[in-house]
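Structural overview for review
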Amino acid sequence: DSGVTQTPKHLITATGQRVTLRCSPRSGDLSVYWYQQSLDQGLQFLIQYYNGEERAKGNILERFSAQQFPDLHSELNLSSLELGDSALYFCASSAGGGDTGELFFGEGSRLTVL
Amino acid sequence: QKEVEQDPGPLSVPEGAIVSLNCTYSNSAFQYFMWYRQYSRKGPELLMYTYSSGNKEDGRFTAQVDKSSKYISLFIRDSQPSDSATYLCASLDNYGQNFVFGPGTRLSVLP
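So, here's what we can say about the structure.

How each quantity is defined
Residues numbered from 1 in each chain as written. Chains lettered and ligands numbered in written order. Predicted model: local features only at pLDDT ≥ 70, side-chain atom pairs only at ≥ 80, totals over all residues. Heavy atoms only, no water. Core = buried A, V, L, I, M, F, W, Y, C linked by side-chain atoms within 4.5 Å. Buried < 20%, exposed > 50% of the residue type's maximum accessible area, 1.4 Å probe, protein only. Helix = DSSP H or I, 4+ residues; strand = E, 2+ residues; numbered from the N terminus. Contact = heavy atoms within 4.5 Å. Phe/Tyr/Trp six-rings, centres within 6.5 Å; stacked < 30°, edge-to-face > 60°. Buried area = accessible area lost by both parts, 1.4 Å probe. Salt bridge = Lys/Arg side-chain N within 4 Å of Asp/Glu carboxyl O. Polar contact = N/O pair within 3.5 Å; in protein donor to acceptor, adjacent residues only side chain to side chain. Pairing = 2+ DSSP bridges. Axes fitted to C-alpha atoms, helices over the stretch in contact; angles between N-to-C directions. Disulfide = S-S within 2.5 Å.

The next subject is the nonpolar core. By size, the foremost hydrophobic cluster in this structure holds 23 residues, and its most contacted members are B:Trp35, B:Leu74, B:Ile76 and B:Tyr87. Looking at this core, the elements that each hand over two or more residues are strand S3 (19–25), strand S4 (30–38), strand S5 (45–51), strand S7 (61–66), strand S8 (71–76), strand S9 (85–93) and strand S11 (105–110) of chain B. Per element, the largest residue contribution to this core is four residues, and it comes from S3(B). When near neighbours in sequence (up to four residues on either side) are disregarded, B:Leu74 contacts B:Val19, B:Ser20, B:Leu21, B:Trp35, B:Leu47, B:Met48, B:Phe61, B:Thr62, B:Ala63 and B:Tyr87. The next biggest cluster of nonpolar side chains, apart from the first, holds 20 residues, and it includes A:Leu21, A:Ile47, A:Tyr49 and A:Ala66.

Take the environment of A:Ser65 next. Residue and element names in this part refer to chain A. Note on placement: Ser 65 falls in strand S7 (residues 64–68). On the basis of relative accessibility, which here comes to 35%, the residue Ser 65 falls in the partly exposed class. C-alpha of Ser 65 to C-alpha of Leu 76: the two residues are eleven residues apart in sequence and 5.9 Å apart in space.

Per the stated rule, a full pass over the model turns up twelve aromatic pairs over all chains. Consider the rings of A:Tyr35 and A:Phe105, whose centres lie 5.7 Å apart with planes at 45°: the pair is tilted. One end of the pair, A:Tyr35, is in strand S4 (residues 31–38); the other, A:Phe105, is in strand S10 (residues 104–105), with 70 residues separating them in the sequence. Of the two residues examined, A:Tyr35 and A:Phe105, each falls in the buried class. Ring geometry for B:Tyr25 against B:Phe33: centres 5.0 Å apart, planes inclined by 45°, an arrangement best described as tilted.

With that out of the way, let us pick up the environment of B:Glu5. Residue and element names in this part refer to chain B. Within the element layout of this structure, Glu 5 appears in strand S1 (residues 4–6). Taking the C-alpha atoms as reference points, Glu 5 and Phe 101, separated by 96 residues in sequence, lie 8.6 Å from one another. Not counting residues within four places of it along the chain, the set of residues in contact with Glu 5 comprises Asn 22, Cys 23, Thr 24 and Pro 103.

Time to look at the interface of chain B and chain A. Reports of interface size often rely on the accessible area that becomes lost once the parts have come together. Contacts between chain B and chain A engage 16 residues on the former and 15 residues on the latter. Buried area between chain B and chain A, summed over both chains or domains, comes out near 1,400 Å², and the portion from carbon and sulfur atoms is 53%. Among the residues of chain B in contact with chain A, B:Pro44, B:Phe99 and B:Phe101 are the three that bury the most area, contributing 29% of the side total. Where chain B meets chain A, there are one salt bridge. In this structure, A:Glu107 and B:Lys42 form a salt bridge, with 3.1 Å as the shortest nitrogen-oxygen distance. The tally of links from chain B across to chain A stands at three residue pairs in polar contact (both at pLDDT 80 or more). Only S4, S5, S9 and strand S10 (99–101) of chain B provide two or more residues apiece to the side of chain B that touches chain A. Looking at which element gives the most residues to the side of chain B that touches chain A, the answer is S4(B), with four residues.

Once that is clear, we can look at the sheet that holds S7(A). Residue and element names in this part refer to chain A. Strand order in the open sheet formed by four strands is S1-S3-S8-S7, and the pairing between neighbours is antiparallel. Looking at which strands have only one partner, the edges of the open sheet turn out to be strand S1 (5–7) and S7. Across the sheet, the mean angle from the axis of one strand to that of its neighbour is 15°, orientation sign disregarded. Two elements, S1 and strand S3 (residues 19–24), share three bridges in a ladder whose sense is antiparallel.

With respect to the helices, strands and loops of the structure, B:Cys23 is situated in strand S3. Owing to a relative accessible area of 1%, B:Cys23 belongs among the buried residues under this scheme.

Take the state of the cysteines next. Residues and elements named next belong to chain A. Going through the model one piece at a time under the given rule, you end up with two disulfides over all chains. There is a disulfide in this structure between Cys 23 and Cys 91, and the S-S distance comes to 1.8 Å. On the sign convention where negative means left-handed, the S-S torsion of about -55° between Cys 23 and Cys 91 marks this disulfide as left-handed. A residue pair is termed long-range when its members are at least 10 positions apart, and Cys 23 in strand S3 and Cys 91 in strand S9 (residues 87–94) qualify at 68 residues. The two residues Cys 23 and Cys 91 agree in class, both being buried.

Rendered as structure tokens:
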């Protein structure tokens, strides 16, 4: 158990809908990362937050947004969903700003868009 | 060219074999090199971590980095069926600002 909690574990929704994925980092970790993993794209970095502030941005679509709250949990919002958004979404946390590459991943949220 | 490249496999070996997994990277600024293991339907977990060039050993696992050739390797000795997973290499620059995963190599160790 990595100590990172993600909810929901599975989510099935329709195109055009909006969903919110939630992540609670390990106790004491200040950084939260979001990754998307699909079969043909591997693990794609979306966005990183450090202590409530956006720190780095990857290939995150404009339809996607995220935030980190004062209690350090984070939410990833996906809107106007398309079939291609079906993927596993992982949250990871690290103690600092990720300066050493030691990330702790949650179990992921599997999103299916029909 | 992707910053971190890795043969996706799949790679199948018999139990007890020595496994060699490899990655290449293109960014000279990368200083930290990691191997993550991901079991099916689970999140990746950090397996090995090295800084700069050299070898690091942990039980049956050895990570090797050759910065002159930009080559990262993971060796698994006496492989076990429980080692069957996808192995992702990852690299990070010295500023902690560019963290890149390879696509992963799927390994099957057959009993």
